[in-house]
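Working through the structure, step by step
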Amino acid sequence: MTGPDSLTNSGPADPVAALGRVHLVGVGGVGMSAIATLLAARGASVSGSDAHDGPALAALRAAGVDVRVGHDAAAVAGADTVVVSSAVRETNPELAAARAQGRRVLHRSQALAALMAGRTSIAVAGAHGKTTTSAMIAVGLLHAGADPSFAIGGVVRDDTGPLGGARDGSGPFVAEADESDGSFLAYTPQVAVVTNVEPDHLDHYGTAEAFEQAFVDFAGRITDPVRLLVWCADDPGAARLNAALSRARRVDGAVPGPWTIAYGAGQAGTWDRPPSGADITVGPVEPDDDGWSVRLTDLAGRFGWPPLPDGHDGSADSATVRVRLPAPGDHNALNAAAAWAVLCALGTEPQAAAAALSRFRGTGRRFEDRGTAAGVRVVDDYAHHPTEVAALLRAARAVAGTGRVLVLFQPHLFSRTKQFATEFGQALDLADTVVVTAVYAAREDPDPLVSGQMLVDAVPTADKADYVADRAQAAHTIAAAARPGDLVLTVGAGDVTELGPVILADLARR
C-alpha cells in the first residue's frame, strides 16, 4: 500500500484529485460508505462493490457512486486507486487483481486521510465512545455555523432528523479514528480526542502494552496549528497516555507535545469531587423536562473564564453550562464534555457550544429505539466490549424504571469473547434476563473452543442467562420472556441489529 503520508503531507495540493478513479471493495460497510460518499461529493469518479445489497448501497447510488453486488476481478478495470478495509482478505478477487495489475491500493484510513488533508481535522479515538463523541462534535460544529465535514461509523441525528454518516462541508473535518487495526496512525489531526485507553483488539496488538503504545504514537501525530489533545481524566489508560507525553516533553523539550485539556467526573462521579488534574468537571446526569442533561464546568479557565476558587461548585458561575443528552448514562455525559471542550477550543463561545451540542439526538445503533409492542420497548445498541455493555445496562436501568431489563447479546469476535469472558459475565449480570447467541466471527476464522456458552457460564447469578446459538430462535426466546413495562435490548456489533423487528413481531402477535 502507498504510505499514509504520501498523499497528504508531501503530496500534491489536492490529494483527492491525485487518487484518480477510485474503487472501494466492501463499499457497503459504514466506514467505507462514508468515504465513498465524501469522494463522490468532492468530484471523484467512484465505484464500489459489496457482497450484499441493502439500504447503504441504494444511498450510495443516489450519491453518484457506481455500485455493484458481488466481487469480480473485472470491477477494478480502469481504477487508479483501490480502497480496502482490514476486513477484505488478500484472496478477494478484486484485491488480488489490483495487486496483480500494479494498481494503487490504499487502506480506508489512508483514503480518509486524503479527504482530511488541508482541513482543521479532529480525530476521535478510544476503545469506547468514539462514535458518539465524534457525532456530538459534528452536530455541535454544524449548529455553531462551522459547516463541518465528517466521516462517522453510524447515522448521526440532530433535532432535524438523520444526517447520515458522512457530510462534505467547507469547515473542520471530524473523523472517527479506528484503533482496532492500528489504522488511526494514518491520520495527522490538529485536534485529537482520546475517550479511554482500555485494552481491546489484542488479536491485533498482542499485549496491552502494545495497545497503549499505539495511542502514544497516535498522540505524537497531532499537528499544528492547533495541536490539541483532549483526554478523559477518569480513565487510567488515558492518564498513562498523558503521563507518557509529559515524560517525552521533559526528555526532549525541542519536540513540544500537544497542549491538553482533561475532563472527568471524579472517583465518586459527583460535582464536588473532581478528578485530579481535570480542567473540565462533569456533573451527574439529571432528568429534566426534555430528557436528561449534565452540567459542565471549566475549572481551569481554559476558555476565557476565570478559574473557580477551591470548594466552589460552579452552580451560580458563568463557567458552568448545561448540555442536553440524548440518553442517560455517565458515559454520555463524559462524551458531551469532550465534545464541548473541542468546540470551545476551536473558538465557539462556551454557552453557544452547549446550545449547539444540545441539538444532538444520538447515532444509529447507540441506544436506538426500534419500537414498542405489547407494552415492551425494544432498543438496539452496538456495545461489544464489557465496559460498554456495563455502561449500557446501567443507563438502561434508568430508562426502564420499575420495568425489567432483558438483553439479547451477540458476542463479537472469538478472540474478544475468550479474552473477556469473565468481564462479559459480570457486565451481563446487571440485566434481569439474558439470552446469549452464537459468536459473530466478523474478520476471524471460527474457533471451535469458543462459544457464547462461555459468557453464560460467567454470569455470577445462577439461571439468569441462557445460551441459544441460533439467532432467530434467540430472538423468539427473549420475546417470550418479556412482559409489559420491560425494556428489551439487542446488543452487539454484528447482525444482532436485525433481530429487533423479529422481537417486535413476536410481541405484536401476542
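**Quick word on the overall build of the chain**
When helices and strands are tallied, the chain shows 17 helices and 23 strands. Taken against the 2.2 N^0.38 rule, which gives 24 Å for 510 residues, the C-alpha radius of gyration of the chain at 23 Å falls within 12% of a compact globule. By its C-alpha atoms, the chain is 60 × 60 × 45 Å across when sized along the principal axes. Classification of the 510 residues of the chain by burial places 54% in the buried group. Across the chain, contacts joining residues at least 24 apart in sequence account for 68% of those joining residues at least 6 apart. Summing over all exposed atoms, the chain offers an accessible surface of approximately 19500 Å²; the carbon and sulfur share of this is 51%.

**Some thoughts on the sheet that holds strand β19 (residues 376-381)**
If you trace the 6 strands from one edge of the open sheet to the other, you get β18-β19-β23-β20-β21-β22, paired in mixed fashion. Strands at the two margins of the open sheet, each flanked by one partner only, are β18 (368-373) and β22 (465-467). Across the sheet, the mean angle from the axis of one strand to that of its neighbour is 20°, orientation sign disregarded. Sheet strands in contact with helix α16 (residues 471-481) are β20 (405-409), β21 (433-436) and β23 (487-491), and its direction is about 175° off that of β20. Here helix α17 (residues 500-509) sits on the sheet and contacts β18, β19, β20 and β23; the angle it forms with β18, its principal contact strand, is near 15°.

**Quick word on the sheet that holds strand β4 (residues 81-84)**
What the 5 strands build is an open sheet, ordered β3-β2-β1-β4-β5; its pairing is parallel. The open sheet terminates on both sides in strands that have one partner only, identified here as β3 (66-69) and β5 (104-107). Across the sheet, the axes of successive neighbouring strands diverge by a mean angle of 20°, strand direction being ignored. One ladder, built from 4 bridges, connects strand β2 (residues 46-50) with β3; its direction is parallel. Residue aspartate 50 lies in a different strand from β3, and its bridge partner there is valine 69. Across the sheet, helix α3 (residues 55-62) touches β2 and β3, and the angle it forms with β3 is around 155°. Against the sheet, helix α5 (residues 108-116) contacts β4 and β5, and its axis sits at roughly 90° relative to β5.

Rules used throughout
- Residues numbered from 1 in each chain as written.
- Predicted model: local features only at pLDDT ≥ 70, side-chain atom pairs only at ≥ 80, totals over all residues.
- Heavy atoms only, no water.
- Helix = DSSP H or I, 4+ residues; strand = E, 2+ residues; numbered from the N terminus.
- Rg over C-alpha atoms; globule rule 2.2 N^0.38 Å.
- Buried < 20%, exposed > 50% of the residue type's maximum accessible area, 1.4 Å probe, protein only.
- Contact = heavy atoms within 4.5 Å.
- Areas by Shrake-Rupley, 256 points an atom, 1.4 Å probe, with all protein chains shown as cover.
- Pairing = 2+ DSSP bridges.
- Axes fitted to C-alpha atoms, helices over the stretch in contact; angles between N-to-C directions.

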